[in-house]
Amino acid sequence: MRLSAPVFLLLWVKALMLKNLNYSVPEEQGPGTVIGNVAKDGGYGTIERGKKSNFRVLENSAPHLVDVDPESGLIFTKQRIDRETLCRRNPKCQLSMEVFANDKEICMIKIDIQDINDNSPSFPSDHVNIDISENAAAGTRFPLTIAHDSDSGENGIKTYQVTRDDYNTFSLDLKVRGDGTIYPELVVQRPLDREDQSHHTLLLTAVDGGEYPRSGSMQINVRVTDSNDNSPVFEKSSYVLEIPENSPPGKILIDLNATDQDEGSNGQVVYSFTGYASERIQDLFSIDPNTGVIKVQGEIDFEENPIIEFDVQAKDLGPNPIPGHCKITVKVLDKNDNLPIISFVSVRQGAISEAAPPESVIALVRVTDKDSGRNGQLQCRVLGNVPFRLQENNDNFYTLLTDRPLDRETKDEYNVTIVARDNGSPSLNNSRSFTVKILDENDNAPRFTKTLYVLQVPENNIPGEYLGSVVAHDPDVGRNGTVSYSILPSHIGDVSVYTYVSVNPTNGAIYASRSFNYEQTKSFEFKVQAKDGGSPHMESTSTVRVNILDVNDNLPVIILPLLQNDTAEIPVPRNVGIGYIIATVKAVDHDHGESGHLTYEITEGNDDHLFEIDPVGGEVRTAHTLWEEIAPVVELVVRVTDHGKPPLSAVAKLIIKVNTEAMAAGGSSASGEEQHWDVSLPLVVTLCIISVMLLAVMTAIAVKSKHQDKDAGNYNCRMAEYSNPPVGKGKKKRINKSDIMLVQSEMEERDSASRMNVVSSPSLITSPICFDYQSPLPLTLPRSEVMYLKTTPNSLTVPRSGCHSSFAGLNTDTQPNRMSVIQTENFSSEPSYTGSRQPFVQSSTFKDAERASLRDSGHGDSDQADSDQDTNKGSHCDTSAREALKMKAASVNGQPFEKGAAGYFVPLYVADSLSCVSKDDMKALE
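Every chain is numbered independently, its residues counted from 1 as its sequence is written. Since the coordinates come from a predicted model, pLDDT governs what is reported: local features require at least 70, and pairs of side-chain atoms require 80 or more to be given and counted, while whole-chain, interface and lining totals use all residues. The side-chain numbers reported here are obtained from all heavy atoms of the structure, hydrogens and water having been left aside.

The chain goes by Protocadherin-17 in an unreviewed UniProt entry, where it is assigned to Ameca splendens. Entered under Subcellular location (unreviewed entry) in the UniProt record, the comment concerning the chain runs "Membrane". UniProt positions are given in the numbering used here, feature names are shortened, and annotations may be inferred rather than shown by experiment.

Okay, here's the thing in structure tokens:
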């Protein structure tokens, strides 16, 4: 077969074995005729669970005639099969198929087409004329034309018969050639007499051997001619010759010799092929009519005609000649003149997976040689060092298999060359090549170029800055070799690594997600994962270490001596001498390396060189014995500079004064102590103080929050302030005992504990004002739903429709001295009892109150004045409550206290602000 492309689909499923199935079917069967069942006959009934049987035709010699059902495995005809058309006169008519069953086994199928007797014998013509001399002796033979039958075997021609010879003048003799062909000869049985009968008509009938024989006939017209006494006679009646195939044209095959005893023209012999010789015979050989030499003039091919038979006649030139005949049989000797033929079966475009196991089928190879014997015996092998081998089957079939595992990364393509050599002498060989491509499987994990990547970045970098890249290679191709990068989850301290760095999933570039601070984090590590796109995917990891480089971004901080506004006063005793350490300047720099290496120097105030400073230790020493006489007060400017690039510095002013109260000895002692002063002690003390302060603040906040939660259900005295902010910043009036008046209430006993009534002080307003809640305020009441109190001007009339209970107190029989209950929404403003003031309480929500005054709401910032006012208000409230309790305890006749059945009303409006009394205080008042 011809290969249409250099790349082929290779069957990589491991072959278990090669099976052979033989079937036969009579010709002339209609479409759909079942020939056999591959699944049943090949034993492919059981397959893996969950899979269906499948049968794939790899090779079919007659795809237009037969096919295989891919699911059931039934072999069926596709149209009527005519053996004579398909195979002509070939005695063996066979179809072949190669079927791949269940993707596991290859099944070789051969189908023999059985001949039926559907054709009758036929002659080339319906009649033939033969001239026979009357002097022909008995036994003289005349070859006749043979009949042809398209059927073969038993249905072919079996015999010939001659009829209509009433006088038994002629008979029929049958001969068999070397190829099995039967041919008739007409034999003269008795002398002929032209004068008695000049014409004879015979009927030659050919009969086949079918179950129901068929026949064909031809008429023979025999004309008896006048005598020509003798006919030419060959030395032999038949000759058997041998000639090598491919003999050159002109080579003499045989030199025939026939003699005639007559003289003259009656004895002159002429040679020729009989009139029944085929055109093929006349193409292969030539005969000299005068000498009888037969020469080769065509191509003699053993593979085409191993045996050649023909008849030669010789007749004289006399009147009514009687020809003589001889039979020539030529045996063609085979010569190793044909190269082996290599053809691939079941090879398609595609490739084999590198995951294919050993012994996987790549292709079926068919090798043939037209030569016979040793010349047709073949040997096949795979050329080169490739991972394939040939396994010999039968009928010159070989299976190309893998003999070791494949690795696409090592080699992704193989050029497979198959060499076939025969055993002739000299031997001939042929080769055929095709390309095997290896398909990639995801069998390689990405590999990083390094197991540890070290990246460096200066501190104070810009977020999003590129830090470096990690690179992983995957030798696979396509999606199997596409690498994506990701950072594995981890924490740096208590913070996720994703807040520190990010990675580009495509190219592995690593970027900073924040600005790094060397003083907080000097280095950190994380793992990057490289994952390919195969299924299932493969992955690997590598460690990335980011080293943060210190940048000189921290100024030196002077911690000793303690500075105020960058200045420190240093008292120095008199007469301390040269080299006395008057102070030690200590500074710290959070930077490291050269950036944290500090140098001390005096930059100003030391023009007379009275002092000197150690550039490394920072000790300031006296450099002159009489420095106090030259300058009793010296202001030195000391600069501390680091060695960073660019350098940063800090300065401190040291005011050095003579300490007249201290003696030199004392100064020496202090100097000694100074020299042994622990620099870290002030830092430790400072940190302890800060920690204690923070703890105290947190404790105060917690206590305050707890008190606020406890009193959340009580009346908030700030609500009145929301609705009636102070007009001016006048001084608050302190509450007096005479300003408190208790008014008896008519509230029910069950509500007395949850209600509170408020009246104003008689000394501050013209008439008392009473407040009463409609219902207790729950602790969980939202601020936006709290109802505000609203007063009624001038009178204390309390409408009955607006209260839950009636009042009794100030004047039990005067009901107008009451206050209306609050209303919640859209309460119009009314003139206050002070004339120029705003309404005492507006109908609003806490949100409105907060908009009116954030400083009193507790939810906004306030200035110092507001804080002072809030403090004053709180003190008034506390004072009023204490005074009320005292009056309750010292209650005597003549005091304006009247206890009603339901409790007391406490005046709490003092100095333009509202104050509140808790429920416990109310009980105490009772």
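Draft legend 1. Quick peek at the overall build of the chain. In this description a helix means any DSSP run of H or I spanning at least four residues, a strand means any run of E spanning at least two, and both kinds are numbered starting from the N terminus. Broken down by element type, the chain carries 10 helices and 54 strands. Counting all 926 residues of the chain, 43% fall into the buried class. Across the chain, contacts joining residues at least 24 apart in sequence account for 69% of those joining residues at least 6 apart. Partly exposed describes any residue whose relative accessible area lies between the buried limit of under 20% and the exposed limit of over 50%, with all areas from a 1.4 Å probe on protein chains only and scaled to the type maximum. Residues count as neighbours in contact if any of their non-hydrogen atoms are within 4.5 Å of one another.

Draft legend 2. Spotlight on the state of the cysteines. Only a pair of cysteine sulfur atoms within 2.5 Å qualifies as a disulfide here. Applying the stated rule across the entire model yields 1 disulfide. The residue that forms a disulfide with Cys-87 is Cys-93, at a sulfur-sulfur distance of 1.8 Å. Disulfide Cys-87-Cys-93: torsion about the S-S bond near 65°, hence right-handed. When its relative accessible area of 15% is taken as the criterion, Cys-87 is described as buried.

Draft legend 3. Inspection of the packing of aromatic side chains at higher detail. Stacked, edge-to-face and tilted labels apply to pairs of Phe, Tyr and Trp rings (six-membered ring for Trp) whose centres lie within 6.5 Å, assigned for plane angles under 30 degrees, over 60, and everything in between, in that order. All told, the structure shown has 13 aromatic pairs when counted by the stated rule. These aromatic residues form a ring-pair network of at least three members: Tyr-500, Phe-516, Phe-524 and Phe-526. Taking the ring centre of Tyr-500 as reference, the NZ or CZ of Arg-514 above it sits at 4.1 Å. Counted as over-ring charges are cases with an Arg CZ or a Lys NZ within 6 Å of the ring centre that also lie within 35 degrees of the ring normal. Positioned above the aromatic ring of Tyr-518, the side-chain terminus of Lys-522 is 5.3 Å from the ring centre.

Draft legend 4. Up close: the environment of Arg-164. Inspection of the secondary structure puts Arg-164 in the loop between strand S10 (157–163) and strand S11 (170–176). A relative accessible area of 56% places Arg-164 in the exposed class. Remark: the alpha-carbon pair of Arg-164 and His-200, spanning 36 residues in sequence, is separated by 8.9 Å. The contacts of Arg-164, once residues within four sequence positions are left out, are Thr-201, Leu-202 and Leu-203.

Draft legend 5. Molecular detail of the pattern of salt bridges. A side-chain nitrogen of Lys or Arg and a carboxyl oxygen of Asp or Glu constitute a salt bridge if their distance falls within 4 Å. Counted under the stated rule, the structure contains 15 salt bridges. Between Glu-98 and Arg-366 there is a salt bridge, with the nearest N and O atoms lying 3.3 Å from each other. Linking Glu-98 in strand S6 (residues 94–101) with Arg-366 in strand S26 (residues 361–368), this pair joins segments that are 268 residues apart in sequence. Residue Arg-366 is classed as partly exposed on the basis of its relative accessible area of 24%. Between Arg-408 and Asp-440 there is a salt bridge; the shortest N-O distance is 3.0 Å. Placement of the pair is Arg-408 in the loop between strand S29 (397–402) and strand S30 (413–422) and Asp-440 in the loop between strand S31 (429–439) and strand S32 (447–448), with a sequence separation of 32 residues.

Draft legend 6. Geometry of the sheet that holds strand S47 (residues 598–604). Note on pairing: DSSP must find at least two bridges between two strands before they are called paired. Taken together, 4 strands build an open sheet; the order of strands is S44-S51-S50-S47 and the sheet is mixed. Edge positions in the sheet fall to strand S44 (567–573) and S47, since each has one partner strand and no second. Ignoring strand direction, the axes of neighbouring strands in this sheet form an average angle of 30°. As defined by bridge partners, S47 adjoins strand S50 (residues 633–642) across 6 bridges and the pair is classed as antiparallel. Within the sheet, the bridge partner assigned to Ile-602 lies in S50 and is Val-638. Inter-axis angles, ranging from 0 to 180 degrees, are taken between N-to-C directions of lines fitted to C-alpha atoms, where helices are fitted over the stretch in contact.

Draft legend 7. Structural detail: the environment of Cys-107. Within the element layout of this structure, Cys-107 appears in strand S7 (residues 105–114). Between the C-alpha atom of Cys-107 and that of Lys-19, which follows or precedes it by 88 residues, the distance is 4.7 Å. Look past the residues within four positions of Cys-107 in its chain and what remains in contact with it is Lys-19, Leu-21, Val-38, Tyr-44, Met-97, Glu-98 and Val-99.

Draft legend 8. Region of the structure containing the side chain of Glu-27. The residue Glu-27 is located in the loop between strand S1 (18–26) and strand S2 (34–37) in this model. Only 3.0 Å separates the side chain of Glu-27 from the backbone nitrogen of Ile-116, close enough to count as a polar contact. N or O atoms within 3.5 Å of each other form a polar contact, as long as, within protein, one can give a hydrogen and the other can take it, and as long as residues adjacent in sequence are counted only when both atoms are side-chain atoms.

Draft legend 9. Geometry of the confidence of the model for the chain. When pLDDT is averaged along the chain, the result is 74, and 70% of the positions lie at 70 or above. pLDDT measures how confident the predictor is about each residue, on a scale from 0 to 100. Taken as a whole, residues 715–733 scores under 50 in pLDDT and shows 53 contacts with residues more than four places along the chain or in a different chain. In the model, residues 884–919 has pLDDT below 50 throughout and makes 104 contacts with residues more than four positions away in sequence or in other chains.

Draft legend 10. Looking closely at unusual backbone geometry. Look at the link from Ser-425 to Pro-426: it is a cis peptide, with omega at -5°. Mapped onto the elements, Pro-426 comes out in the loop between S30 and S31. Each neighbour pair has its own omega, and for Lys-645 with Pro-646 the value is -5°, a cis peptide bond. Topologically, Pro-646 is positioned in the loop between S50 and strand S51 (649–659). For Glu-28, which is not a glycine, the phi torsion comes out positive at approximately 70°. In this structure, Glu-28 sits in the loop between S1 and S2. With relative accessibility at 28%, the residue Glu-28 sits in the partly exposed group. In this structure, Asp-566 is a non-glycine residue whose phi angle is positive, near 60°. As for its position among the elements, Asp-566 is in the loop between strand S43 (557–560) and S44.

Draft legend 11. The sheet that holds strand S25 (residues 351–353), seen in detail. Spatially, S25-S31-S30-S27 is the arrangement adopted by the 4 strands of the open sheet, whose pairing is mixed. Every other strand in the sheet has two partners, leaving S25 and strand S27 (378–383) as the edge strands with one partner each. Strand-to-strand twist across the sheet, computed as the mean angle between neighbouring axes with direction ignored, equals 30°.

Draft legend 12. Representation of the side chain of Glu-185 in the model. Along the chain, the position of Glu-185 falls in strand S12 (residues 182–188). Since its relative accessible area comes to 11%, Glu-185 is described here as buried. Among the polar contacts made by the side chain of Glu-185, one reaches the side chain of Arg-141 at a distance of 3.1 Å.

Draft legend 13. Structural context of the environment of Ile-157. Its location among the elements puts Ile-157 in strand S10. Distance in space between the C-alpha atoms of Ile-157 and Val-207 is 5.7 Å, their sequence separation being 50 residues. In this structure, Ile-157 is in contact with Pro-121, Ala-147, His-148, Asp-149, Ile-182, Ala-206, Val-207 and Asp-208, ignoring residues within four places of it in sequence.

Draft legend 14. Molecular detail of a nonpolar patch on the surface. Patch definition: residues above 30% relative accessible area lacking any salt bridge, with like charges linked at up to 9 Å and the nonpolar side chains Val, Leu, Ile, Met, Phe, Trp and Tyr linked at up to 5 Å. Only the protein chains shown count as cover for residues, and the accessible areas themselves come from Shrake-Rupley with a 1.4 Å probe. Nonpolar side chains collect at one region of the surface, where Leu-681, Val-685, Ile-689 and Met-693 lie side by side and expose about 360 Å² of accessible area between them. Topologically, Val-685 is positioned in helix H6 (residues 680–710).

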